[in-house]
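Listed below, chain by chain, are the residues.
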Amino acid sequence: MTRGLLDVPATVRGMVVEAAWLATHVAFYPVGVLSEKLREPADRYTLEGLSPLRRGLLVGDIEAASTPILLVHGLIDNRSIFTRLHRSLRRRGFGHVATVNLPLFTSDIPTAASRLATIVETMCEQTGCGRIHIVAHSLGGLVARYYVQKLGGDIHVHTLVTLGTPHEGTRLARVVPPMVPYTLLRQLRPDSDVIRELAEPAPGCQTRFLAFSGDLDTVIRPTESALLHHPDLSVRNVRLPGVGHHSLPFNLDVVHQIATMLAHLDDAAEHPAAGQDGQKRNLPEAAARTEAL
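Bear in mind that the values here come from a model prediction, so they are computed numbers and not experimental data. (Residues numbered from 1 in each chain as written. Predicted model: local features only at pLDDT ≥ 70, side-chain atom pairs only at ≥ 80, totals over all residues. Heavy atoms only, no water.)

**Student:** Can you lay out the nonpolar core for me, pointing to particular residues and giving the numbers?
**Tutor:** L70, I109, L116 and I134 are the most contacted members of the largest nonpolar core, which totals 40 residues. With 9 residues, helix α5 (residues 109-127) is the largest single contributor of residues to this core. Each residue touching L116, except ones within four places of it in the same chain, is listed here: L70, V72, L102, I134, V143, A144 and Y147. With 24 residues, the next largest nonpolar core counts I81, L89, L210 and A259 among its residues. (Core = buried A, V, L, I, M, F, W, Y, C linked by side-chain atoms within 4.5 Å. Buried < 20%, exposed > 50% of the residue type's maximum accessible area, 1.4 Å probe, protein only. Helix = DSSP H or I, 4+ residues; strand = E, 2+ residues; numbered from the N terminus. Contact = heavy atoms within 4.5 Å.)

**Student:** Tell me about the sheet that holds strand β7 (residues 290-292), residues and numbers included.
**Tutor:** Strand-to-strand pairing in sheets goes through backbone hydrogen bonds, with the strands running parallel or antiparallel. With respect to topology, 7 strands assemble into an open sheet ordered β2-β1-β3-β4-β5-β6-β7, the strand pairing being parallel. Two strands in the sheet have a free side with no partner beyond their single neighbour: β2 (97-100) and β7. Within the sheet, the average angular offset between the axes of one strand and its neighbour, ignoring direction, is 20°. In this structure, strand β1 (residues 69-72) lies alongside β2, joined through 4 bridges in parallel fashion. What sits directly across from L70, in β2, is A98. Along the sheet, α5 makes contact with β1, β2 and β3 (132-137), crossing β1 at roughly 155°. (Pairing = 2+ DSSP bridges. Axes fitted to C-alpha atoms, helices over the stretch in contact; angles between N-to-C directions.)

**Student:** An account of the packing of helix α4 (residues 83-91) against helix α9 (residues 252-262) is requested, with residue identities and associated values reported.
**Tutor:** The contact between α4 and α9 brings their axes to 10 Å, and the two run at 45°. The angle between the axes of α4 and α9 places the two elements in the oblique class. In this structure, α4 meets α9 at a crossing whose hand is right-handed. Here α4 contributes R84, L85, S88 and L89 to the contact with α9, which in turn contributes L252, V255, I258 and A259. When grouped by side-chain class, the residues that make up the contact of α4 with α9 number 6 nonpolar, 1 polar and 1 charged. (Parallel < 35°, antiparallel > 145°, perpendicular 65-115°, else oblique. Left-handed = near helix turned anticlockwise from the far one by under 90°. Nonpolar A, V, L, I, M, F, W, Y, C, P; charged D, E, K, R; others polar.)

**Student:** Account for the pairing of β2, naming residues and giving values.
**Tutor:** Side chains V97 and T99 project from β2 onto one buried face, and the interleaved A98 and V100 project onto a second face that is buried too. Note on the crossover from β1 through α4 to β2: the handedness is right-handed. (Right-handed = clockwise from strand over helix to strand, strands pointing away.)

**Student:** Requested: an account of α9, with residues and values cited.
**Tutor:** Along an α-helix, residues three or four apart share an orientation, since each turn contains 3.6 residues. Within the span of α9, buried status applies to V254, V255, Q257, I258, A259, M261 and L262. Near the N-terminus of α9, the side chain that reaches the backbone nitrogen of D253, with its oxygen 2.9 Å away, is that of N251. (Polar contact = N/O pair within 3.5 Å; in protein donor to acceptor, adjacent residues only side chain to side chain.)

**Student:** If you had to explain the environment of F209 to someone new, which residues and values would you point to?
**Tutor:** Within the secondary structure, F209 is located in strand β5 (residues 208-214). Counting along the chain gives 24 residues from F209 to L233, while the straight-line C-alpha distance between them is 7.5 Å. Residues in contact with F209, not counting those within four places in the same chain, are R145, V148, L160, L228, L233, S234, V235, R236 and M261.

**Student:** Hey, could you go over the confidence of the model for the protein chain for me, with residue numbers and the actual values?
**Tutor:** In low-pLDDT segments, the atomic positions of the prediction should not be examined closely. Averaged over all residues, the pLDDT of the protein chain is 79; the fraction at 70 or higher stands at 68%. Of all secondary-structure elements in the protein chain, the lowest mean pLDDT belongs to helix α2 (residues 52-58), at 52, while strand β4 (residues 157-163) reaches the highest, 98. Between residues 27-33, whose pLDDT stays under 50, and residues either more than four places distant or in other chains, the model counts 13 contacts. For residues 41-45, every residue scores under 50 in pLDDT, and the model assigns this stretch 15 contacts once sequence neighbours within four places are set aside. (pLDDT = per-residue confidence, 0-100.)

**Student:** Mind laying out the packing of α5 against helix α6 (residues 139-150), listing which residues take part and the relevant values?
**Tutor:** At a closest axis distance of 8 Å, the pairing of α5 and α6 adopts a crossing angle of 75°. The orientation of α5 relative to α6 falls into the category roughly perpendicular. In contact with I109, P110, A112, A113, L116, A117 and V120 of α5, α6 contributes L139, L142, V143, A144, Y146 and Y147. Of the residues belonging to the contact of α5 with α6, the class tally is 13 nonpolar, no polar and no charged.

**Student:** Break down α5 for me, with residues and values.
**Tutor:** Between its first and last C-alpha atoms α5 spans 26 Å; for 19 residues at 1.5 Å apiece the expected length is 27 Å, and the two agree. Listed in full, the buried residues belonging to α5 are I109, A112, A113, L116, A117, I119, V120, M123, C124 and T127. Directly beyond the C-terminal end of α5, a positive phi value near 75° is found at G128. (Expected span 1.5 Å × (residues − 1).)

**Student:** Could you give an account of the pattern of salt bridges, naming the residues involved and the relevant values?
**Tutor:** Under the definition given, this model contains 3 salt bridges. With a closest N to O distance of 2.9 Å, K150 and E200 form a salt bridge. Of this pair, K150 sits in helix α6 while E200 sits in the loop between α8 (193-198) and β5, and the two are 50 residues apart along the sequence. On the accessibility criterion, K150 (26% relative accessible area) is partly exposed. (Salt bridge = Lys/Arg side-chain N within 4 Å of Asp/Glu carboxyl O.)

**Student:** Which residues make up the state of the cysteines, and what are the values?
**Tutor:** All told, the structure shown has 0 disulfides when counted by the stated rule. In this model C124 remains outside any disulfide bridge; the closest cysteine sulfur is found in C129, 7.4 Å from its own. The exposure class of C124 is buried, given its relative accessible area of 8%. (Disulfide = S-S within 2.5 Å.)

Next up, the structure:
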């Protein structure tokens, strides 16, 4: 039997799961229309209610557990996409997890990135933390990356996790007729000015990256475009079989890997300049390659 035939059951299961999570997201969408108020958490670190396994994940680093996490949604979406991820990160011991609604429907990427800069700076002021983590879905990841690379956001963003983000654009954006006055969609094309701008050198960028790609993603085409390849950035790419675009924020493997990475701040304690081969010297071997789960 061929490999393709063997993959059929997994593909079907993945499509069913994608449809189920999409339906769940649609049901919760109205709840996410109202923005969450950014506020200083009452307690930044707690083990209350955690199982021994989850306690062991975070107890070794109180600073990691108290570093704020900001969840940023994608195009024509809102914070409801993170309903499960928000709850899961809190249950795993992270003391401050916040969501934000960005007006991405009417903005271009640089404008949205400027708006995100204001939100991040406010979050740092209110929590007393100099740096935060960002977990972003789809277009939100491109906005956050623009903020980090082009607006100096790396001084405030310790880790940027992207879920199904079109780092190299998506062919789907090309179906929009050129006469449609929607700058944002044109910026998602593989040959757009924004995609080329983000491919420019970014020496000394302090932010580390974790990029997830699902092989059943029907929005990011090809799916490999959700992987981040840049010689000046500290990146770990992860490909997930049987996972679609809207399933990524709900996937338990994704949640586990995000929690594990954010629980270890020292992995990005130093950010030396890239060597002659363009690879960060502080990257562990596993971080320099694309992983398939």
